Amino acid sequence: MIEKALLKERFVKWVLIAFALSSLLFLFLIFIFILAEGLPLFLKVGVGNIIGGFKWAPTRGSFGIFPMIVSSFLVTIGALAIGAPMGLSCAIYLSEYSGKKTQMLLKPALELLAGIPSVVYGFLGVIYIVPLVRNYLGGSGFSLLSTSIILGVMILPTIISISFDALISVPKTYREGSFAMGATKWQTIYKVILPSAKSGILASFILGMGRAIGETMAVIMIAGNALKIPGSILDPLRTLTGNIALELSYASGDHRLGLFSTGVVLMVIIMILNYIANFGIKRKIAK
Amino acid sequence: MIKQLGFLCIIMTCLLSCTGQSHDKTRDKHTITIAGSTSVMPFTEKLAEHFMLDHPKFVIDVQGGGSTAGIQAVLNNTVQIGMSSRELNNKEKMLNSITICHDGISIVLHPKNPITDLTLQQIRDIYNNKIKNWRELGWIDRKIDAVTREEGSGTRGAFEELVMKGKEIDDSIMVQDSNGSIKEVVATDPYAIGYISLGLVDQKVKPVTIDGAIPTIKNIKTGKYKIVRPFLYVTNGELDMYAKEFVDFILSRDGQKILKKEGLVGFYD
């Protein structure tokens, strides 16, 4: 009887291990697949000509994606400029000021915000943000600014939830100590809590960046996708993800490989961002 | 999680067994394989649907992939018929091509835009970024928001060949990835200009006349409207009996009527 139960126990454990490892396997397979498809072109055309090249005309043998790398970063910085102050303010309010009731209202609302499909954000952007920008600021409306606004909203849940965790994990004794010294609430937040939660907050910004740089659908719909590096915030631009999604359906031969090379560059950028967020910053908290 | 995965496995095995079965059944059916241009694909599918209703013994397998991929597939004999929305180039000339119909490309503006006529040269200059402002075309002082299709698209290929004539489409021109999204941009932005397949023009956008010719089926037939591309079926040598029957159906009055209903330019009136 007992032996049978033990056997079952072991069986369940192994099944669980197998499934747990399968996610690792998927990651590994994706990695291998993208590299296998993307690297041949790097060898053929040269890393410099792809990463540093200005001209993207894959059907005529130019595979430069430098403008898209710049655009991806511009959009990400724009999104942070809008999402970071809003997100951090929200997280401070949630952890320091709000009562249980407002928390119970705000937290599910934020989760809902995170769950809205990106195509819906893109649609809202096309219908509302793009015409607003076009009518009041000029340009076609399909621009760096519109894209940054939408992405800024999209990364809010990431920034809020992670920086909220960082703020809430600041020990209560810090706050009590500060109050005991006669500091006001804002002084306490500004001088004590924010500095001690600094690395967690930075990590939330960087994970937000990762989310913004990887966003595709909403970006294609509102960025305008022109190949040039934008000269102002009202100019259209094309991101790395947008490039892949736009052109994959018709691409063949070297053109297709060029898109996979774009994917390799994107993957490396996201890996670096995740590395910084997970190891560079969170490790410091542990110390 | 495990439950879901298990469920997935079951579905997949079902699917696999299903395809296996249908494979056996197709043995006494006549299968025609077609691949290529995604511009031609929806019309081929429509034609195939109609054809299979009357000819239950036929199975017509239509796939996309783009004109170039379709022609390549014909060269390798992996499909019987390739669809192309551009003319064959010199390297592909040894293949047979059958023109099934023509498709006009219209240059469209927002309905509020007062401009009604443009020359080919003006359009070329807009997309080459030589003309940047509507003032240069006799309207208000406002930047032109030109939109083009993405690299690799058949419509873009035809536009480059018929309008740009060797000049490059500038990098500052916006890019959208379908006829539908170009139409959406032009319909919402009063300062936009774009190009879409003639069959998709409706009252949301305004087609302009090119050198005085309105893009209509009649003007395309008489050769007055110049931005026209053929929809081709490409074959390697002679077609077999069954594939020929399908092609004959497309070229017949019935087949052409279906194409005309979709806004394409057929051979009959």
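Residues numbered from 1 in each chain as written. Chains lettered and ligands numbered in written order. Predicted model: local features only at pLDDT ≥ 70, side-chain atom pairs only at ≥ 80, totals over all residues.

Asks: Looking at this model, I keep getting lost on the domain arrangement of chain B. Mind explaining?
Replies: Interface size is often expressed as the accessible area that is lost when the parts come together. Residue and element names in this part refer to chain B. Looking at the assigned domains, one finds that chain B contains domain 1 (2–101 + 231–261) and domain 2 (104–228). Opposite the 6 residues of domain 1 that make contact, domain 2 presents 7 residues. Of the residues belonging to the side of domain 1 that touches domain 2, the class tally is no nonpolar, 5 polar and 1 charged. (Domains from an automatic or database assignment. Contact = placed C-beta atoms within 7 Å. Nonpolar A, V, L, I, M, F, W, Y, C, P; charged D, E, K, R; others polar.)

Asks: Whenever I open this one, the packing of helix 3 (residues 66–97) of chain A against helix 7 (residues 156–168) of chain A confuses me. Can you help?
Replies: Think of two packed helices as two axes; the pair is described by the angle between the axes and how far apart they sit. Residue and element names in this part refer to chain A. Between helix 3 and helix 7, whose axes approach to 8 Å, the crossing angle comes to 40°. Comparing the axis directions of helix 3 and helix 7 gives the class oblique. Helix 7 is crossed by helix 3, and the crossing has right-handed handedness. On helix 7, the residues touching Gly83, Ala84, Met86, Gly87, Leu88, Cys90, Ala91, Ile92, Leu94 and Ser95 of helix 3 are Leu156, Ile159, Ile160, Ser163, Phe164, Leu167 and Ile168. Grouping the constituent residues of the contact of helix 3 with helix 7 by class yields 13 nonpolar, 4 polar and no charged. (Axes fitted to C-alpha atoms, helices over the stretch in contact; angles between N-to-C directions. Helix = DSSP H or I, 4+ residues; strand = E, 2+ residues; numbered from the N terminus. Parallel < 35°, antiparallel > 145°, perpendicular 65-115°, else oblique. Left-handed = near helix turned anticlockwise from the far one by under 90°.)

Asks: Where do I start with the nonpolar core in this structure?
Replies: The tendency in soluble globular proteins is for nonpolar side chains to be buried side by side. Core analysis: the largest hydrophobic core is formed by 129 residues, its most contacted members being Ile150 and Ile222 of chain A together with Ile34, Ala146 and Val186 of chain B. Among the elements that line this core, the one with the most residues is helix 3 of chain A, at 9 residues. (Core = buried A, V, L, I, M, F, W, Y, C linked by C-beta atoms within 7 Å. Buried ≥ 20, exposed ≤ 12 C-beta atoms within 10 Å, placed from the backbone.)

Asks: I tried to follow the pairing of strand 11 (residues 228–235) of chain B on my own but got confused; where do I start?
Replies: Consecutive side chains along a regular strand alternate between the two faces of the sheet. Residues and elements named next belong to chain B. Across the 8 residues of strand 11, 6 count as buried, placing the element largely inside the fold. Judged from the 3 bridges that link them, strand 3 (residues 81–84) and strand 11 form a sheet pairing that is antiparallel. Pairing of serine 84 across the sheet is with leucine 232, part of strand 11. Bridge count between strand 4 (residues 96–109) and strand 11: 8 bridges; the pairing is antiparallel. Residue pairing across strands places isoleucine 98 opposite tyrosine 233, the latter belonging to strand 11. (Pairing = 2+ DSSP bridges.)

Asks: I would appreciate a short explanation of the interface of chain A and chain B in the present structure.
Replies: Facing the 25 residues of chain A at the interface are 21 residues of chain B. Breaking the side of chain A that touches chain B down by element, the ones donating at least two residues are helix 1 (2–45), helix 5 (118–137) and helix 12 (240–247) of chain A.

Asks: So what exactly am I meant to see when it comes to the domain arrangement of chain A here?
Replies: All names here are of chain A. The assigned domain composition of chain A is domain 1 (2–51) and domain 2 (65–286). Relative to domain 2, the C-alpha centre of domain 1 lies at a distance of 28 Å. Across the contact, 10 residues belong to domain 1 and 11 residues belong to domain 2. At the level of elements, helix 1 and helix 2 (47–51) are the ones that each hand at least two residues to the side of domain 1 that touches domain 2. Looking at the side of domain 1 that touches domain 2, the element that brings in the most residues is helix 1, giving 8 residues.

Asks: Just to check I follow, could you spell out the pairing of strand 1 (residues 30–36) of chain B for this structure?
Replies: All names here are of chain B. Where strand 1 lies against strand 2 (residues 58–65), 7 bridges are found, and the strand directions are parallel. Note that in strand 2 the partner of glycine 36 across the bridge is glycine 65. The β-α-β motif built from strand 1, the intervening helix 2 (residues 41–54) and the parallel element strand 2 has right-handed crossover chirality. Pairing geometry for strand 1 and strand 3, over 3 bridges, is parallel. Along strand 3, the bridge assignment pairs alanine 35 with glycine 82. (Right-handed = clockwise from strand over helix to strand, strands pointing away.)

Asks: Help me out: how do you make sense of the environment of aspartate 189 of chain B in this one?
Replies: Note on placement: aspartate 189 of chain B falls in the loop between helix 6 (179–188) and strand 8 (192–197). In this structure, the C-alpha to C-alpha distance between aspartate 189 of chain B and proline 111 of chain B, residues 78 residues apart in sequence, is 9.8 Å.

Asks: Explain the packing of helix 8 (residues 172–180) of chain A against helix 9 (residues 185–196) of chain A to me, please; I cannot follow it from the model alone.
Replies: Residues and elements named next belong to chain A. Orientation of helix 8 relative to helix 9, taken along the N-to-C sense of each, is 155°, at an axis distance of 10 Å. Between helix 8 and helix 9, the interaxial angle falls into the category roughly antiparallel. Regarding helix 8 and helix 9, the two cross each other, and that crossing is right-handed. Of helix 9, the residues touching helix 8 (which contributes Tyr174, Arg175, Ser178 and Phe179) are Thr188, Val192, Ile193 and Ser196. Class assignment of the residues belonging to the contact of helix 8 with helix 9 gives a composition of 4 nonpolar, 3 polar and 1 charged.

Asks: What am I meant to see in unusual backbone geometry here?
Replies: Negative phi values dominate among residues other than glycine, just as trans dominates among peptide bonds. All names here are of chain B. Positive phi, normally seen in glycine, also occurs at lysine 165, with a value near 45°. In the Ramachandran plot, aspartate 211 falls in the positive-phi region, its phi being about 50° despite a non-glycine side chain. In this structure, aspartate 211 sits in the loop between strand 10 (209–210) and helix 7 (217–221).

Asks: Explain helix 10 (residues 198–214) of chain A to me, please; I cannot follow it from the model alone.
Replies: The periodicity of an α-helix, 3.6 residues per turn, causes residues three or four positions apart to be oriented the same way. Under the 1.5 Å per step criterion, the end-to-end length of helix 10 of chain A is 25 Å for 17 residues, consistent within 8% with the ideal 24 Å. Counting buried positions over the 17 residues of helix 10 of chain A gives 13, a clear majority of the element. (Expected span 1.5 Å × (residues − 1).)

Asks: Quick question: what am I supposed to make of the environment of valine 175 of chain B here?
Replies: Summarising the element assignment, valine 175 of chain B is placed in strand 7 (residues 174–176). Taking the C-alpha atoms as reference points, valine 175 of chain B and glutamate 150 of chain B, 25 residues apart in sequence, are found 5.8 Å from one another. Here valine 175 of chain B is in contact with Asn225, Ala226, Arg238 and Leu246 of chain A together with Thr148 and Glu150 of chain B, once residues within four sequence places are set aside.

Asks: Is there a simple way to think about the confidence of the model for chain A in this case?
Replies: Do not read the predicted coordinates in detail wherever pLDDT is low. For chain A, per-residue confidence averages 91 on the pLDDT scale, and 97% of positions sit at 70 or higher. Confidence scores differ between elements of chain A, with helix 13 (residues 254–286) of chain A showing the lowest mean pLDDT of 83 and helix 6 (residues 144–154) of chain A the highest of 96. (pLDDT = per-residue confidence, 0-100.)

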